[in-house]
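Structural features, examined
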Amino acid sequence: MAQHQPPYYQAARFPHKTAAGKAYDPLQTIIFEEECDLSVYRFFRPSERKWYVVVIGEKPSPQLHQRLETILFTLTRGERVTLDNEAVVALLSRRAQQTQLGPWVERHYQPPDEE
């Protein structure tokens, strides 16, 4: 019986939208330009009043993985977090839906005033 590999993701938490954007924007550019099968999401969790940036998808090359981590945790000082299973499933489901629309889908939604 084959073992189920957990999905690849890197997640960071930020205190506000601007800080999260400093990670999200370059990550979005990288996954657009690089040969990879990844998605990047930025979202607000009202219960925590914190922003999250998550890169999720197929495991990238070691070099790309290092670039992603450097942006998320070193350059932008995001707090490394582990997502609960419900959040991972929701992001993977969203990713699967969006992948059906095309190789590159970009959508932005305005949350309530959160900063």
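Throughout this document, residue positions are counted from 1 along each chain, in the order its sequence is written. Only residues with pLDDT of 70 or above have their local features reported here, since the model is predicted, and side-chain atom pairs are shown and tallied only from 80 upward, although totals for entire chains, interfaces and linings are computed over all residues. Water and hydrogen atoms play no part in the side-chain values, which are based on all heavy atoms of the structure.

1. What to know about the confidence of the model for the chain
What pLDDT reports is the predictor's confidence in each residue, on a scale of 0 through 100. Counting all residues, the mean pLDDT for the chain is 86, and 82% of those residues have values of 70 or more. In this description a helix means any DSSP run of H or I spanning at least four residues, a strand means any run of E spanning at least two, and both kinds are numbered starting from the N terminus. Ranking the elements of the chain by mean pLDDT puts helix 3 (residues 85-101) last with 84 and strand 4 (residues 79-80) first with 98.

2. Some remarks on the sheet that holds strand 1 (residues 8-14)
When DSSP finds two or more bridges between a pair of strands, those strands are recorded as paired. Read from one edge of the open sheet, four strands run 2-3-1-4, paired in antiparallel fashion. Each edge of the open sheet is held by one strand with a lone partner, namely strand 2 (38-45) and strand 4. As paired strands, strand 1 and strand 4 are joined by two bridges and run antiparallel to one another. Considered in strand 4, the bridge of Ala12 is made with Arg80. Most of the contacts of helix 1 (residues 17-33) go to strand 2, to which it runs at about 165 degrees, and overall it touches strand 1, strand 2 and strand 3 (50-57). The sheet strands contacting helix 2 (residues 62-75) are strand 1, strand 2, strand 3 and strand 4, and the helix crosses strand 1 at an angle near 15 degrees. Only heavy atoms enter the contact rule, under which two residues are in contact if any of them lie within 4.5 Å. Interaxial angles span 0 to 180 degrees and are taken between N-to-C directions of axes, which are lines fitted to C-alpha atoms, for helices over the stretch in contact.

3. Structural notes on the pairing of strand 2
Only protein chains enter the calculation, and the probe is 1.4 Å; a residue is then buried if its accessible area is under 20% of its type maximum, exposed if over 50%, and partly exposed in between. Burial runs high along strand 2: seven of the eight residues are buried. Pairing between strand 2 and strand 3: eight bridges, direction antiparallel. Bridged to Arg42 within strand 3 is Val53. Adjacent in sequence and paired antiparallel, strand 2 and strand 3 are bridged by four residues, among which Arg49 carries a positive phi angle near 60 degrees.

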